[in-house]
Structures are given as C-alpha cells and as structure tokens.
Amino acid sequence: MKDRKRNKVIVAVCAIAFLTLVSSATSPALAIIGENFPDASPEAIASIATLDTLTSVPFTIITGLLLGRFVKFRAMTALGLVISFVGGIMPYFATNIAEILVGRAILGIGHGLIVPITNTLTLSLFKGDEISKQFSRNSMATNCGAILFQLLGGFLGDLNWRLPFVVYVAIVPVLIIILMCLPEPENSIQTGLQKVKKFEIRKIFTRHVFFWSSVYALYMLWFYAYVTQTSGIIINNGYGNSSVSALVLSAFTLVGVIGGYSFHKIQKRIGTKTMTVGFFVNAASFIALSMCNNLATYTLFSLTFGFGYGLLQPAINYFLGVDLDEDYRAACISVAAIISALGSFGSSYAVKYSKIILHTDWERIPFVVGSVFFLLLGMLFIFFKEKKGIIKEVF
C-alpha cells in the first residue's frame, strides 16, 4: 500500500473509531438531566447512556450479513452516520424522558450499522504487524473522541441539560472524511453472490467468537457501571458539578489513549497475558475507587482504570478478529458486537440488582462487585493456551 493511500486509509478508519464513544457525551450530564426529570427512575436516566447499545443489536446483525456482500463499506458507514446524527440531536428538542429515550434508540440504530465496520476494515485493509498497530490507533482515536465528547457534554450540561446533545454535530465532519477517504476492501462486493451460496452459519457461531464476545460483554457490564455512576458520585459527595465529572471522565479516557498506544508493544512481548494485566489493573482500580473519599483520589484511580480500559479494548478486538475467516469476518464481529452490547445495556440492571442482592444502597457497591469479576477474568487468562499467538482453548 503506497504511503499516501495508506495514510488516507488510516485517517478514514480512525475517523470511524473516533465516534465509537460519542454516546458518552451525555454521561457527565446524567445527574443534571435527572434533576430536570425528577419523576424518571434511576434506571431510565442511566438508560440514556446505554439504550443505544440495545437498539443497535438487530442492525448490527443486518450489517454483519450485508456488509461487503451486497452493500459497500462506504455506503453502510454513511447511512449509519446520518441516522446517528438524527438520533443524537433529537433529544435537544425533547420535552420528556420518553422523547429523549426515543432519540437514543434511533442513535443506536445508526450505531448498530457502524459497530462492525471499524474492526472489519482494520482486519481487511491491513496485514501482519500493521493490524495490531492499527488497533492501537483505533483505541487512541476512540479515547480522544471520548475526551472531547465528555468535556463538551459536561461543560454544556452545566449551562443547560439540552446542550450536550448538540455535540452530535461532530458526526458531520466524520461523514465528509468517510466519503472522501474510505476505500473498499478488495473483492468485498464483487463476489458477494458467490460467497452467499456457500455461506455456513456454523462458521459464525463458533466457540472462539462466543468466548471473546462473552469476555467483552462481562467487561462492558461493569465498565459502564463506572461511566454511569461517576457523575452521581461526584455530585452527591460534593466533589463538584457536571463539569468536574466531565474532567474526571476525560482524564480517565486520556490515560486510555496511553493504554491503547501501549497495546501493540505489550502484546508483542506477552501475547494474551495482556488480558491478565488489563483486568488486574482494572480490578485494583475498582477496589481503590470504592474506598477513596475525595476528588483527588477518585481522579487518580480513574486514571489507572483508564489505562486498563485502554489496554483491554484493542486487546479483545485484536484477539477476537485476527484469526477469523475473511469471508465471515464481518458477520463474526457483528455477533461479538451484539453480545457485548447486551452487556453494556445490562449495566444499569447489574448496578440495581447488586444493591438489592447485597441489601445496600451504597452507590459504590458496583465497584466492589465489578472488581471480583475483573479478578476472576484476569486469573482465567493465566491458564489459557495459545496457538500461533491466538487463544484456542482453556485448560
């Protein structure tokens, strides 16, 4: 790949990755939105940050089945971005919580069309060592986007609860970049009809795909507990307002950029044990976050949590995708995205029922429970066997 073409490809793929956490723009303002809708349940308010992951599910399936077979990558990406823009901006005009959630649901439809594209393009357009390098770039782009969206969401939320939804205008320049720079993978659609004739469903629902999807879902279940609880913890404990929440979440994602940058180098040295490192860092961070009693320490351990997150996000995507059959790659990544999305959406219910089961209203109990899950997952990866650098079986 010539340097100029290669750079255009990198920019295009990173531009899509940049929007991965665009829904996080509302996270610092959740407490403010809740104050403006006092009759709404805590679960409804938390769903503002997670509902899009649920409604993305059926459309992620559609993308996986059609992408590169009957629909070009550029066309599917553009359609997803347009729908995301419409759904993202809609809550600005809402008059009740139901209208906000409708907008978030539409955002999820667009998100579902885009979800498998970043990883599929990375695995299709890059070869060899460049794959893990691009996953690192994708992670850095995702976290840089999250920093921008969270900062803007928090500061704008202090002015008016509607303003964080204006952040979705950021989708427009990304759409322009995609239309100008995104290439089609070779033979992506020309042989679509031939491929569909020999399409075998069993090659999608494999043990490999389900394992990595389940790991991602469990991680998202407790990762979003941090995202959705942080605003309330900071405001309820008198640490600051939604702007302060935005700064803390942005600092968390800033260190996530460093974690993403480190992935390629760490993975080359220790392979799949990268997962153990990431999960143990996150477990220790959650334990510390459950005990800290001021803004400084809460921010400090948010930073360490961010490093673990930045390391795990590209690691899971890499180990899931690098060994997939090229003809089934988009469909397999779609299945993984669906299962992980269910974990993201279930986060608010995991928070709720962890409090019910343990008979406590303590707002940080999800950190304690989440740390147990992270420790168990980290220990699990110690015992994994590898084949050609890719996990194949356990014990």
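Please read these numbers as outputs of a predicted model, since none were measured by experiment. (Residues numbered from 1 in each chain as written. Predicted model: local features only at pLDDT ≥ 70, side-chain atom pairs only at ≥ 80, totals over all residues. Heavy atoms only, no water.)

What follows deals with the side chain of Arg 104. With respect to the helices and strands, Arg 104 occurs in helix H6 (residues 97-125). Engagement of the side chain of Arg 104 in a polar contact is seen with the backbone oxygen of Ile 48, the distance being 2.7 Å. (Helix = DSSP H or I, 4+ residues; strand = E, 2+ residues; numbered from the N terminus. Polar contact = N/O pair within 3.5 Å; in protein donor to acceptor, adjacent residues only side chain to side chain.)

What the rule picks out here adds up to 31 aromatic pairs. Ring geometry for Phe 37 versus Trp 161: centroids 5.1 Å apart, planes at 80°, classification edge-to-face. Highlighted residues: Phe 37 in the loop between helix H2 (30-36) and helix H3 (42-55) and Trp 161 in the loop between helix H7 (129-159) and helix H8 (171-181), separated in sequence by 124 residues. Classification of Phe 37 by relative accessible area gives buried; the value is 13%. Measuring from ring centre to ring centre gives 5.7 Å for Phe 252 and Tyr 309, while their planes differ by 35°; the resulting arrangement is tilted. Note that Phe 252 is positioned in helix H11 (residues 242-270) and Tyr 309 in helix H13 (residues 295-321), a separation of 57 residues in sequence. Accessibility expressed as a relative area gives 1% for Phe 252, which makes it buried. Take Tyr 309: its relative accessible area is 2%, and that puts it in the buried class. (Phe/Tyr/Trp six-rings, centres within 6.5 Å; stacked < 30°, edge-to-face > 60°. Buried < 20%, exposed > 50% of the residue type's maximum accessible area, 1.4 Å probe, protein only.)

Between helix H10 (residues 207-236) and helix H14 (residues 329-345), the least distance of the axes is 7 Å, while the angle of their chain directions is 30°. On the basis of the axis angle, H10 is roughly parallel to H14. Every pair of crossing elements has a handedness; the one defined by H10 and H14 is right-handed. Facing H10, whose interface residues are Val 209, Phe 210, Ser 213, Ser 214, Tyr 216, Ala 217, Met 220, Leu 221 and Tyr 224, H14 presents Cys 332, Val 335, Ala 336, Ile 339, Ser 340, Gly 343 and Ser 344. Residues that form the contact of H10 with H14 fall into these classes: eleven nonpolar, five polar and no charged. (Axes fitted to C-alpha atoms, helices over the stretch in contact; angles between N-to-C directions. Parallel < 35°, antiparallel > 145°, perpendicular 65-115°, else oblique. Left-handed = near helix turned anticlockwise from the far one by under 90°. Contact = heavy atoms within 4.5 Å. Nonpolar A, V, L, I, M, F, W, Y, C, P; charged D, E, K, R; others polar.)

With that out of the way, let us pick up the confidence of the model for the protein chain. Across the protein chain, the average pLDDT comes to 85, with 92% of residues at or above 70. Segment residues 189-197 is flagged for pLDDT under 50; beyond a separation of four residues in sequence, or across chains, it makes twelve contacts in the model. For residues 388-395, every residue scores under 50 in pLDDT, and the model assigns this stretch 24 contacts once sequence neighbours within four places are set aside. (pLDDT = per-residue confidence, 0-100.)

Taking 1.5 Å per residue as the helical rise, H3 with its 14 residues ought to reach 20 Å, and the 19 Å between its terminal C-alpha atoms agrees with that figure. At Ile 48, H3 is bent by approximately 65°, the largest bend along its length. Of all 14 residues making up H3, twelve are buried, and the element is well covered by its neighbours. Along H3, the residues that are buried comprise Glu 43, Ala 44, Ile 45, Ala 46, Ser 47, Ile 48, Ala 49, Thr 50, Leu 51, Asp 52, Thr 53 and Thr 55. (Expected span 1.5 Å × (residues − 1). Bend = angle between axes of the 7 residues up to and from the residue.)

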